[in-house]
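Report on the structure
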Amino acid sequence: MQHLLIDIIVRILSRMSTWSRARKRAIVFALDLSLLVLSIWIAFSLRVGQWELTTTPIRMMLAGGLALMVPIFWSAGVYNAIFRYAGVGMMRTLLPAFSVYTAAMSGVFMVYGFPGVPRTLGLLQPLTFFLLVVGSRIAARYFFIDLLDRGTNNGEVRRVLIYGAGRAGQQLASSIRSDPQMYTVGFIDDDKRLAGQRLDGDRVFASSNLEAIITERSVTDILLALPSVSRRRQREILQRLRKLQVEVKILPRARDIVGGQISLSDIRPVEIEDLLGREPVAPNEVLLGRTIVGRCVLVTGAGGSIGSELCRQIVAKGATKVVLYELSEFSLYSIERELAGILSKMGKELEVVPVLGSVTDPETLTSVFTTHVPQTVYHAAAYKHVPLVEANAVQGVRNNVLGTHELVKAAMAAKVRDFILISTDKAVRPTNVMGATKRVAEQVLQSYAAKGTDTRFSMVRFGNVLGSSGSVVPLFRSQIEAGGPITITDERITRYFMTIPEAANLVIQAGGLAKGGEVFVLDMGKPVKIINLAKTMIQLSGLKVRNEKNPAGDIEITEVGLRPGEKLYEELLIGNEAEATRHDRIKMAHEHFLPWKEFQALLSELETAGTTHDCIRVLKKLVTEFDHQPNSEEGQKKAVNSA
């Protein structure tokens, strides 16, 4: 019977929710008029001590109340608010309106007065009216939010615990109250002095009791509302939370919250950057500006992960013009529009030139360098996906090696001051075609630098960046959303990781250190085991890993074997220890390269290579460390042992 009644109410409310805005406003206005009459009757009856229905004083109060309420409420915008989302915003509208109404009623019936009307009604009636109106709003909120919306969504409610009882956490709790699918269980905070207290009705628990509270209160989600804590402290908290079977979400850093006001829309899933990201190091502004300020800067691969971030940082650092050189039309369109938005917000005027073209096209390159005369080139264009380049070796060679050579020649002809190549850790003792092509691209710059040139050539080598196209993080996330399994190539495999903004920032600073011919190596921190990365992402989604020990788990992790050309372990140096520079996170490697005459002859031979076999044969001559054993575990061990 109860379920039938609720179902009938939900149907009625559903129909009402489809009414026009004007119709809803008229109904609310009529309701308030009814509450006005009711408040006058209640107030007068309470004052005289008996329930009076029709008296002259009541009619006088009604006339006065109507004359004052209608203009005051309409002018205050009481009926402009969305009725179903009554909350703090509603009170901000009602309080001024009722303050004016109370002052007016008090002036009329207390100060001026009317025969037969008790003067105290000038205060008692507005108070009664206020309570009735607020109660009607709360009731409407319950019916339309708690009953209608939760009934529409099968009554599923996430039980949320907010980690952080500060201002951010309190704003977040206030925002949650308007969401029918979420219920705030309380706050967790590291400050023991707050334990047991209440914030706006929600209890604060000590973080030392976190595990017990999650179990006792049936918590399904934890929202981390600590936007100002250090990355180190944030990582410590997340490492603790990953062991608990709850879904964890997080507020962005304080500087990324627009206007300083926090709402539910600011909450995002925990990214792996939150666990692996390091404390930022203050950049050297001199190094940042050396290759950018007052210059025309050209970025190849401008629409890629690193290229686009370089563009974002370049436009903010005082360049006079930025040339976006990109092969993909959509990627070029996307980054051009994004930069236009950034410049508009900054109030800057900067010429951004989009150019569709390939680095293998010498005519287009010559035209671009002649027309725009760039003084700095960041070369980020490359084919980087190991299995794809392994299967398309000829195209990989043409783009990564010959394209770099064409770009170098065009830059030298245009007397470019600085040329910075974006390289990769896969160029170190490569076991795949992609890594070998990047090592040859490095040697192109090294050889020209050794010959002597007006252009300062330098290379910056680093490992994987988090969130780039084709990286494991977005792949794992999509596999988790699909219910698994997560696929990894080998449980022993490790990789270096760095955030895209940090990598791009260090690339720019490394370019500022260059004198010509250097191979810079970025400090990537410690390598990460990919299987641990997968487990962490599963756990922070509130799920469990399914395996032999836990067959009732949610997501399985499956090994699929090493892909063609893939290493178990990555390295950053070919030779011995890297040399320190003026920047703590930028080192300088001393890598050997072939003499110019020998290198030039092999480069010419590589240009004529038309098959995968020919490409690999010449690459082995150019890169003596190239051990092309794509699926051989012995080859992997050999590469590691020789490090």
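Here is a short report on the structure shown in this document.

We now examine the overall build of the protein chain. A count of helical and extended segments in the protein chain gives 22 helices and 23 strands. Every one of the 643 residues in the protein chain was classed for burial, and the buried ones make up 49%. The contacts of the protein chain with a sequence gap of at least 6 include a subset with a gap of at least 24, amounting to 76%. Carbon and sulfur atoms make up 55% of the accessible area of the protein chain, which totals about 30,200 Å².

Once that is clear, we can look at the nonpolar core. General note: in soluble globular proteins, nonpolar side chains tend to be found buried as a group. Of all hydrophobic cores here, the largest spans 53 residues; its most connected members are Phe369, Phe419, Leu445, Phe599, Leu619 and Leu622. Here this core gets 9 residues from one element, more than from any other, and that element is helix α15 (residues 393-413). Beyond its immediate stretch of four places on either side in the chain, phenylalanine 599 contacts Val440, Gln443, Val444, Ser447, Leu594 and Leu622. Ile306, Ala319, Val465 and Ile586 belong to the second largest nonpolar core, which has 42 residues in total.

With that out of the way, let us pick up the sheet that holds strand β18 (residues 518-522). The sheet built from 9 strands is open, its strands ordered β10-β9-β8-β11-β12-β13-β18-β23-β22 with mixed pairing. The two strands at the open ends of the sheet, each matched to only one other strand, are β10 (351-356) and β22 (579-580). Sheet topology note: the strand β8 (residues 296-300)/strand β9 (residues 321-326) ladder contains 5 bridges and is parallel. Counterpart to valine 297 in the pairing with β9 is valine 322.

What follows is about helix α8 (residues 231-241). Among the residues making up α8, those that are buried are Arg231, Gln234, Ile237, Leu238 and Leu241. On an axial view of α8, the arc spanned by its buried residues comes to 125°, and they lie on one face.

Take the environment of tyrosine 383 next. Inspection of the secondary structure assignment puts tyrosine 383 in the loop between β11 (376-379) and α14 (386-391). We classify tyrosine 383 as partly exposed; its relative accessible area is 34%. Taking the C-alpha atoms as reference points, tyrosine 383 and glycine 301, 82 residues apart in sequence, are found 9.9 Å from one another. Setting aside chain neighbours within four positions, we find tyrosine 383 in contact with Leu327, Val389, Gln395, Gly396, Asn399, Asn400 and Met434.

Before going further, it helps to spend a moment on the sheet that holds strand β2 (residues 182-189). What the 7 strands build is an open sheet, ordered β3-β4-β2-β1-β5-β6-β7; its pairing is mixed. One side of each edge strand has no neighbouring strand; the edge strands of this open sheet are β3 (198-199) and β7 (268-269). With 4 bridges connecting them, strand β1 (residues 158-163) and strand β5 (residues 221-224) associate as parallel partners. Directly across from isoleucine 162, in β5, lies its bridge partner leucine 223.

This paragraph deals with the pattern of salt bridges. Per the counting criterion, the structure on display carries 21 salt bridges. Here arginine 193 ties to aspartate 191 by a salt bridge, and the two come within 3.0 Å at their closest N and O atoms. For aspartate 191, a relative accessible area of 25% puts it in the partly exposed group. A salt bridge links glutamate 211 to arginine 240; the shortest N-O distance between them is 3.3 Å. Within this pair, whereas glutamate 211 is found in helix α7 (residues 210-216), its partner arginine 240 is found in helix α8, the two being separated by 29 residues in sequence. The class of arginine 240 is partly exposed, set by a relative accessible area of 27%. A cluster of three or more residues bridged by salt bridges with shared partners is formed by Arg439, Glu442, Arg461 and Glu591.

Here we come to the environment of proline 374. By the secondary structure assignment, proline 374 is in the loop between α13 (362-372) and β11. Residue proline 374 is classed as buried on the basis of its relative accessible area, which comes to 1%. Along the chain, proline 374 and leucine 298 lie 76 residues apart, while their C-alpha atoms are 6.0 Å from each other. The residues touching proline 374, leaving out its near neighbours within four places in the chain, are Cys296, Leu298, Val368, Phe369 and Val416.

All right, on to the side chain of glutamate 309 then. Relative to the assigned elements, glutamate 309 resides in helix α11 (residues 305-315). Excluding residues within four positions of it along the chain, glutamate 309 makes contact with Ile500, Pro501 and Ala504.

Excluding glycine, a negative phi dihedral is what most residues carry, and trans is how most peptide bonds are arranged. A cis amide bond links glycine 484 with the next residue in sequence, proline 485, at an omega value of 0°. Locating proline 485 in the fold gives a position in the loop between α17 (472-481) and β15 (486-488). Despite not being glycine, serine 218 shows a phi value in the positive range, around 55°. Tracing the backbone shows serine 218 in the loop between α7 and β5. Under the relative-accessibility criterion, serine 218 is labelled partly exposed at 45%. Phi is positive for arginine 429, close to 40°, though the residue is something other than glycine. Within the secondary structure layout, arginine 429 lies in the loop between β12 (418-424) and α16 (433-451). The exposure class assigned to arginine 429 is buried, which follows from its relative accessible area of 10%.

The next point concerns the packing of aromatic side chains. Using the criterion set out here, one finds 7 aromatic pairs in the structure. Plain terms: the ring middles of phenylalanine 98 and phenylalanine 129 are 5.3 Å apart, the flat faces sit at 70° to each other, and that makes the pair edge-to-face. One end of the pair, phenylalanine 98, is in helix α4 (residues 88-112); the other, phenylalanine 129, is in helix α5 (residues 121-152), and 31 residues separate them in sequence. Residue classification places phenylalanine 98 among the buried residues on the basis of a relative accessible area of 4%. Grouped by ring-pair contacts, the aromatic residues Phe98, Tyr101, Phe129 and Phe130 constitute a single cluster.

Time to look at the pairing of strand β13 (residues 456-462). Burial of β13 is extensive: 6 of the 7 residues sit out of reach of the surface. Pairing of β12 with β13, which is carried by 7 bridges, proceeds in the parallel orientation. Bridging across to β13, phenylalanine 419 finds its partner in phenylalanine 457. Examined bridge by bridge, β13 and β18 share 4 bridges and lie parallel to one another.

Another aspect to go through is a nonpolar patch on the surface. Nonpolar side chains collect at one region of the surface, where Met110, Val111 and Leu123 lie side by side and expose about 280 Å² of accessible area between them. Positionally, methionine 110 belongs in helix α4.

Consecutive side chains of a regular strand alternate in pointing toward one face of the sheet and then the other. The buried fraction of β8 amounts to 5 of the 5 residues, a majority that puts the element mostly inside the structure. Of the two faces of β8, the one carrying Cys296, Leu298 and Thr300 and the one carrying Val297 and Val299 are both buried. Handedness of the crossover is the feature at issue here: the chain leaves β8, passes through α11, returns alongside β9, and the resulting connection is right-handed. Where β8 meets β11, 4 bridges bridge the pair, whose relative direction is parallel. Note that in β11 the partner of threonine 300 across the bridge is histidine 379.

For the pair α15 and helix α21 (residues 612-622), the least separation of the axes is 8 Å and the interaxial angle reads 50°. Judged by the inter-axis angle, α15 sits oblique to α21. Listed contacts from α21 to Ala393, Val394 and Val397 of α15 are Thr612, Cys615 and Leu619. Taken together, the residues of the contact of α15 with α21 break down into 5 nonpolar, 1 polar and no charged.

The rules we used
Residues numbered from 1 in each chain as written. Predicted model: local features only at pLDDT ≥ 70, side-chain atom pairs only at ≥ 80, totals over all residues. Heavy atoms only, no water. Helix = DSSP H or I, 4+ residues; strand = E, 2+ residues; numbered from the N terminus. Buried < 20%, exposed > 50% of the residue type's maximum accessible area, 1.4 Å probe, protein only. Contact = heavy atoms within 4.5 Å. Areas by Shrake-Rupley, 256 points an atom, 1.4 Å probe, with all protein chains shown as cover. Core = buried A, V, L, I, M, F, W, Y, C linked by side-chain atoms within 4.5 Å. Pairing = 2+ DSSP bridges. Arc of directions from axis to C-beta. Salt bridge = Lys/Arg side-chain N within 4 Å of Asp/Glu carboxyl O. Phe/Tyr/Trp six-rings, centres within 6.5 Å; stacked < 30°, edge-to-face > 60°. Patch = residues over 30% accessible without salt bridge, like charges linked within 9 Å, V, L, I, M, F, W, Y side chains within 5 Å. Right-handed = clockwise from strand over helix to strand, strands pointing away. Axes fitted to C-alpha atoms, helices over the stretch in contact; angles between N-to-C directions. Parallel < 35°, antiparallel > 145°, perpendicular 65-115°, else oblique. Nonpolar A, V, L, I, M, F, W, Y, C, P; charged D, E, K, R; others polar.

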